[in-house]
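# Residue-level structure breakdown
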Amino acid sequence: TEDRISKIDLSDDTVSTHITGTLASPMNLAFNSSGVLFIVNYTSKSLSTFESGVLTSDVITFANHPYDIEIDAADNIYVGTSLGGVKKISANLLTVEDISTSGVVYGIAFSSSGTLTWGINNQNKVVQLDEIYSLSGTPTNNDVGNHDVCLTATAASLSTEQCFTITVADTN
């Protein structure tokens, strides 16, 4: 059978083929604020778009099979993958960033306040990311050099730590 996306008319339950073409096991769909349809394809490990009647396949490819997709208020795209965590794709499709890097991710959703939540199936966990917290600052020449930073997150009796180095370059 051909992979396709069907459209259901809720007024009379009529089912029609809406999109055909180079789709490779479409797993999930999401629309951005402009009405562009984004499709994650399991077999080809890719993201496709459907806009103004045109299907563009494999706009972005992933190392792991994608399962789920969600789009935030700024039209950034979040894709949950099998054993590859959650990927954040910029609205202009130019950058892909790791939000997490492990787990079989199912069920990505945004709360009304913008908190991203997803389930990690193979770890029996639910994870939330609230992007309102950030580290920021503007270094001066007195800050040139390497600075080791460790962040610790604690909940009840559990905690986790992530350490990294911030390098401030001399721009003068």
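The paragraphs below set out a description of the structure included in this document. Because the structure is predicted, anything quoted here is derived from the model rather than measured. (Residues numbered from 1 in each chain as written. Predicted model: local features only at pLDDT ≥ 70, side-chain atom pairs only at ≥ 80, totals over all residues. Heavy atoms only, no water.)

## Re the packing of aromatic side chains
- Per the counting criterion, the structure on display carries three aromatic pairs.
- Taking 5.7 Å as the distance between ring centres and 25° as the angle between the ring planes, the aromatic pair formed by Y42 and Y67 counts as stacked. Pair noted here: Y42 is in the loop between strand 4 (37-41) and strand 5 (46-51) and Y67 is in strand 7 (residues 66-71), with a separation of 25 residues, a long-range link.
- Judged by relative accessible area, which is 13%, Y67 ranks as buried.
- Both rings, one in Y78 and one in F110, keep their centres 5.3 Å apart while their planes meet at 75°; by these two values the pair is edge-to-face. Taken together, the residues span a long stretch of sequence, with Y78 in strand 8 (residues 77-81) and F110 in strand 11 (residues 105-110) at a distance of 32 residues.
- What makes F110 partly exposed here is its relative accessible area of 25%.
- Ring pairs connect the aromatic residues Y42, Y67 and Y106, which therefore count as one cluster. (Phe/Tyr/Trp six-rings, centres within 6.5 Å; stacked < 30°, edge-to-face > 60°. Helix = DSSP H or I, 4+ residues; strand = E, 2+ residues; numbered from the N terminus. Buried < 20%, exposed > 50% of the residue type's maximum accessible area, 1.4 Å probe, protein only.)

## Examining the environment of S25
- Residue placement: S25 occurs in the loop between strand 2 (14-20) and strand 3 (26-31).
- Sequence spacing of S25 and G103 is 78 residues, and the spatial spacing of their C-alpha atoms is 21 Å.

## Overview of the state of the cysteines
- Inspection of the entire model under this criterion finds one disulfide.
- The disulfide that involves C150 links it to C163, with 2.1 Å between the sulfurs. Looking down the S-S bond of the C150 and C163 bridge, the torsion is 110°, so its handedness is right-handed. Separated by 13 residues along the polypeptide, C150 in strand 14 (residues 145-155) and C163 in strand 15 (residues 158-168) bring together distant segments of the chain.
- Assessed through its relative accessible area of 43%, C163 is described here as partly exposed. (Disulfide = S-S within 2.5 Å.)

## What about the environment of D130?
- Relative to the elements of secondary structure, D130 occurs in the loop between strand 13 (125-129) and strand 14.
- With 20 residues separating them along the chain, D130 and F110 place their C-alpha atoms 9.8 Å apart.

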